[in-house]
Amino acid sequence: MRQPSGRRITALVTGVALVAGLSSACGSGGGDAKKITFWHGYTDVQIEAITKLIGEWNGAHPDQKVDPVFSNNDNTLQKTLASFVSGKAPSVAYQYGSSITALTGRHQTQDLTSLVKGDPAVDWNDFFPAARQGATVDNKIYGIPALVDNLGLVYNKKLFDAAGLKYPTPDWTWDDFRNAAKKLSGNNKYGWAYVNDGTEDTVWRFLALLWQAGGDLLDSANKKAAFDSPAGQQAMQLLHDMSVTDKSVYLDTGDQQYLNLFNSGRIGMLWTGPWDLGQINKDVSYGVQYLPGKATHATISGPDYYMLFDKKAQKTAWAFLKWLTSPQIHLRYATQTGDLPLRASEEKLPEYKDYLAKYPGNKVFIDNLGKNVTKARPNIKQYPQISQVLGTAVQAVLLGKKQPQAALADAAKQVDDILAGS
């Protein structure tokens, strides 16, 4: 939550690998409908906001109380799987979007499709498309959106001014982006930063480039790799040319030094999300813009979800989540935390102007949700393996260890084998 999604893919792989060896309960769960357990990983301003809202709910609903239990989000998947073994699953748990396919198909995980579609008050289509897509596996809905984000271009205005560059515009192209990065580089400075640890942090930036060029990760049936294509070649070639030829890219090893370097004026541009804006120093004048484009200005979103596991507590859990994610209540939460709205209707509320006044940099990310988030990562069980393969390929190209076409071809063969069950 409010952190790079690479942490999410690590949690997914680890959780699936360890579940067979875990049997102890991880917090109390179950119970009747008069009390539910709510696992979450909120910290800082988020914990203050959610604690206040839960107190408000409990005060108004003495027969439907919510008992919050802290669970580090990076470990929640494996704890949830372990709770299935112990028979003490939580009523509700905050889960990374990448965890959904590891939880579907288990009898504890509740299919919410009938609840969502059978209750007009939910107004499912009011949630942004990226959040709806990520919650859906095999045409069934398994999660209620808890957080939605995406990538935008964040740039240092002072460095642009010093280089004599005009600020990025909504119609910036890849060429505009590459040329600016070159002019911003030199003397121990870099035009752009790329997380190159081979995790999902590495992959999801590449996916945005792939989609911008008109390509896709897999075919429409999710049976074959589709990224070894002209679009994939263009995306990978851009990474190679900027990193290896231009040497305009700072390759972050996953320790998020890119943010310290941005704050100290040594990196001109980041592809990041709203979670990083609050960590930019107040003396740094920055702007936020759409990602540069090729065929489109596509970006990528990494939604997280609330999922239900205790059927005995479904009535209370469902009532609480409908209230928590309603437009008015969620906008109150977002105004305190800086999270993006979950629903399009939040932008129409009178209080939305106060939200934008407090978080002006979020406007581009919100506009992205309705305009430039047009695709989602495939919700299939093989995605963690696919991500690992593609992350290694992108890493090799950025480091100059492989040429783009060879890296794509090798990765595509590995992905085809994964999808075929090899």
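Here, every reference points to the structure presented above.
Residues numbered from 1 in each chain as written. Predicted model: local features only at pLDDT ≥ 70, side-chain atom pairs only at ≥ 80, totals over all residues. Heavy atoms only, no water.

Student: Would you explain the packing of aromatic side chains in this entry?
Tutor: Inspection of the entire model under this criterion finds 23 aromatic pairs. The interplanar angle of 50° and the centroid separation of 5.4 Å between the aromatic rings of W57 and W323 together place this pair among those described as tilted. Of this pair, W57 sits in helix α2 (residues 44–60) while W323 sits in helix α12 (residues 314–324), placing them 266 residues apart in sequence. The same class applies to W57 and to W323, which are both buried. Seen from their ring centres, W192 and Y194 are 5.4 Å apart, and the 90° between their planes marks the pair as edge-to-face. By relative accessible area, W192 is classed as buried at 0%. A connected cluster of aromatic rings, assembled from ring pairs, spans F38, Y42, W57, Y94, Y306, F320, W323 and Y333. We note R343 situated over the ring of F127; from NZ or CZ to the ring centre the distance is 3.9 Å. (Phe/Tyr/Trp six-rings, centres within 6.5 Å; stacked < 30°, edge-to-face > 60°. Helix = DSSP H or I, 4+ residues; strand = E, 2+ residues; numbered from the N terminus. Buried < 20%, exposed > 50% of the residue type's maximum accessible area, 1.4 Å probe, protein only. Lys NZ or Arg CZ within 6 Å of the ring centre and 35° of its normal.)

Student: What is the right way to look at the sheet that holds strand β2 (residues 65–70) in this model?
Tutor: Hydrogen bonding along the main chain pairs the strands of a sheet, whether they run parallel or antiparallel. As summarised here, the arrangement of the five strands in space is β2-β1-β3-β12-β6, forming an open sheet in which the pairing is mixed. Both edges of this open sheet fall to β2 and β6 (144–147), since each of them pairs with a single strand only. Taking the axes of each pair of neighbouring strands and ignoring which way they run, one obtains an average angle of 30° across the sheet. Lying over the sheet, helix α3 (residues 73–86) contacts β1 (35–40) and β3 (92–96), oriented at roughly 130° with respect to β3. Seen against the sheet, α12 touches β1, β2, β3, β6 and β12 (304–308) and runs at an angle of roughly 155° to β12. (Pairing = 2+ DSSP bridges. Axes fitted to C-alpha atoms, helices over the stretch in contact; angles between N-to-C directions. Contact = heavy atoms within 4.5 Å.)

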